[in-house]
Amino acid sequence: MTDKEKYAQKLMDAVGEIDEKYIYEAQNYTPKKRMPGYIAAIIAAAASMFLIISLSFPLMLSLLMRRGNNATDFESVTPIYQMEHSMSKADVKTYATLPKMTGAALIWRTADSGYSYVSISEAKAERLIESIGKGSEKPVQDDGARIWIKTDNGEYVSPHLKLTPGNVDCAVFEYSPEIAISDEAAKMIANIIEERK
Amino acid sequence: MQDKQIVDLFWARSEDAIRQTEIKYGNMLYSVSFSLTNSSRDSEECVNDTYLKAWNQMPTDRPDMLGAYLTKIIRALSVDRVRRETAEKRGGAGAVTEELSELIPSDFTMDDHIDNEALKQALNGFIKSLDTQKRAVFIKRYFFGLDIDTICVQTGLGRSAVKTMLYRMREKLGKTLKEEGLL
């Protein structure tokens, strides 16, 4: 008998000495039942549906709410959360020179690209946003002026924007002049700016 | 009858212990032996020898898992019996031993002082490191000497999956034994 065979026998004997709990476990081993294919398919389909609905629900809800607030077919108010994202580099620099804003505010950019703001009450900001949403559909001339209303919760709202794929992503400077600001809103803005002076 | 009650009968030296063991484990012990010996006559004799050995070892031993305890006895008896047979009559335990020897290098030189206890411990450590399914496959093949097809039926695995699993486990075992200085 070769050394290899002798060692194999020793190994075989050692296997015979393994812990009884493993022998018992192997004797009573039952394979896990596999889930039938059609049940797995149903579960996968249900999970996919749930995922689609849960992901699209906030967007659908926000669209429905916006539509409900507007008199025209156009989305005239687009909220943005980071104004700087919608600006050119030069504008970001200018905008950064403004003192830090707290609470609601009305921000505007003049034709010479200068930024200004005035703090307003949250109620006024809400009223302004509502009135801006009722703009007419008359074409207006773009003179370069821009207006934003900052709400208390840090949301920025700009008139003159309609819901286009570009604007949804806060592209404020893809300015749509199709919706003019309402007379009511224009008056309110004029008053706010006047009061500031 | 519960294992504990049967063990109590052995301890009480009651001959009913053998009868109850035969009722509960007779068929299982026979099939374990048959997988290793490939012989009805040898298997029957091994089963009877197992009862005798269990009778002699109890009351010293008080096994918690009587089935596993008896299985270890019958396996050792069956492997011994196969070793005593001629080389031509290789089957069951012979084939399994040969398969296990694949993890040993052909130029292997046996050290006379190989510690059997260390080998046993290394093997137990290796078996513990396997997941339940792999452990079941390994033990069914190398402890019970079951053929691949029977393992497939008992584990729900395919033939090639079982063969691959065994091959990888042999390789892993060889590596473990080398690391432990036992190969």
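Residues numbered from 1 in each chain as written. Chains lettered and ligands numbered in written order. Predicted model: local features only at pLDDT ≥ 70, side-chain atom pairs only at ≥ 80, totals over all residues.

## Concerning the overall build of chain A
Along the backbone of chain A there are seven helices and five strands. Traced from its N-terminal end to its C-terminal end, chain A shows the element sequence α-α-α-β-α-β-β-α-β-β-α-α. When the 197 residues of chain A are sorted by exposure, 22% land in the buried category. Intrachain contacts of chain A at a sequence separation of at least 6 include 63% that bridge at least 24 residues. (Helix = DSSP H or I, 4+ residues; strand = E, 2+ residues; numbered from the N terminus. Buried ≥ 20, exposed ≤ 12 C-beta atoms within 10 Å, placed from the backbone. Contact = placed C-beta atoms within 7 Å.)

## Focus on the overall build of chain B
Across its full length, chain B holds nine helices and zero strands. With 183 residues in all, chain B has 37% of them scored as buried. Taking contacts inside chain B between residues at least 6 apart in sequence as the whole, the part at least 24 apart equals 61%.

## Some details on the interface of chain A and chain B
Across the contact, 25 residues belong to chain A and 33 residues belong to chain B. If you list the elements that add at least two residues to the side of chain A that touches chain B, you get helix H1 (3-15) and helix H2 (20-27) of chain A. Here the element with the most residues in the side of chain A that touches chain B is H1 of chain A; it accounts for twelve residues. Here the residues of the side of chain A that touches chain B are counted per class, giving 13 nonpolar, three polar and nine charged. (Nonpolar A, V, L, I, M, F, W, Y, C, P; charged D, E, K, R; others polar.)

## Here's the deal with unusual backbone geometry
All names here are of chain B. At Arg13, a residue that is not glycine, the phi angle is positive and equals roughly 55°. Examined against the element boundaries, Arg13 turns out to sit in the loop between helix H1 (3-11) and helix H2 (16-37). Phi angles above zero are rare outside glycine, and Asn38 is one such case at about 60°. When you line up the elements, Asn38 lands in the loop between H2 and helix H3 (40-57).

## Some words on helix H7 (residues 132-142) of chain B
Most of H7 of chain B is tucked away, with eight of its eleven residues classed as buried. Among the residues making up H7 of chain B, those that are buried are Arg135, Ala136, Val137, Phe138, Ile139, Lys140, Arg141 and Tyr142 of chain B. Check the buried side of H7 of chain B and you find it contacts H1 and H2 of chain A together with helix H5 (93-100), helix H6 (116-129), helix H8 (148-155) and helix H9 (159-179) of chain B.

## Some thoughts on the confidence of the model for chain B
Residues and elements named next belong to chain B. On average, residues of chain B score 85 in pLDDT, and 95% of them are at 70 or above. Of all secondary-structure elements in chain B, the lowest mean pLDDT belongs to H5, at 78, while H7 reaches the highest, 91. Two summary scores accompany this predicted model of the complex, namely pTM at 0.52 and ipTM at 0.80. (pLDDT = per-residue confidence, 0-100.)

## A few points about the nonpolar core
Membership of the largest hydrophobic core comes to 56 residues, with the highest contact counts inside it found for Val15 of chain A together with Leu70, Ile74 and Ile139 of chain B. In terms of residues, this core owes the most to one element, helix H4 (residues 66-84) of chain B, which gives nine residues. Apart from the residues lying within four places of it in its own chain, the contact partners of Ile139 of chain B are Tyr22, Ile23 and Ala26 of chain A together with Phe144 of chain B. Ala125, Leu128, Ile149 and Ala185 of chain A belong to the second largest nonpolar core, which has ten residues in total. (Core = buried A, V, L, I, M, F, W, Y, C linked by C-beta atoms within 7 Å.)

## A closer look at H9 of chain B
Residue and element names in this part refer to chain B. Between its first and last C-alpha, H9 extends 30 Å over 21 residues, near the 30 Å set by a 1.5 Å rise per residue. Of the residues making up H9, those classed as buried are Val162, Leu166, Met169, Leu173 and Leu177. The arc enclosing the buried residues of H9, seen along the axis, measures out at 70°, which places them on a common side. In this structure, H9 carries Ser160, Thr164, Arg168, Glu171, Lys178 and Glu179 as exposed residues pointing more than 90 degrees from its buried face. Of the residues flanking the end of H9, it is Gly181, one or two places downstream, whose phi is positive at about 75°. (Expected span 1.5 Å × (residues − 1). Arc of directions from axis to C-beta.)

## What to know about the packing of H2 of chain A against H7 of chain B
Orientation of H2 of chain A relative to H7 of chain B, taken along the N-to-C sense of each, is 95°, at an axis distance of 9 Å. As summarised for this structure, H2 of chain A and H7 of chain B are arranged roughly perpendicular, according to the angle between their axes. Along the contact surface, H2 of chain A presents Tyr22, Ile23, Glu25 and Ala26 of chain A, while H7 of chain B presents Thr132, Arg135, Ala136, Ile139 and Lys140 of chain B. (Axes fitted to C-alpha atoms, helices over the stretch in contact; angles between N-to-C directions. Parallel < 35°, antiparallel > 145°, perpendicular 65-115°, else oblique.)

## What to know about the packing of H3 of chain B against H4 of chain B
Residues and elements named next belong to chain B. At a minimum axis distance of 9 Å, the contact between H3 and H4 shows a crossing angle of 130°. In this view, H3 runs oblique relative to H4, as classed from their interaxial angle. Every pair of crossing elements has a handedness; the one defined by H3 and H4 is right-handed. Judged by residue contacts, Asp42, Cys46, Val47, Asp49, Thr50, Lys53 and Ala54 of H3 engage Leu70, Ile73, Ile74, Leu77, Ser78 and Arg81 from H4. (Left-handed = near helix turned anticlockwise from the far one by under 90°.)

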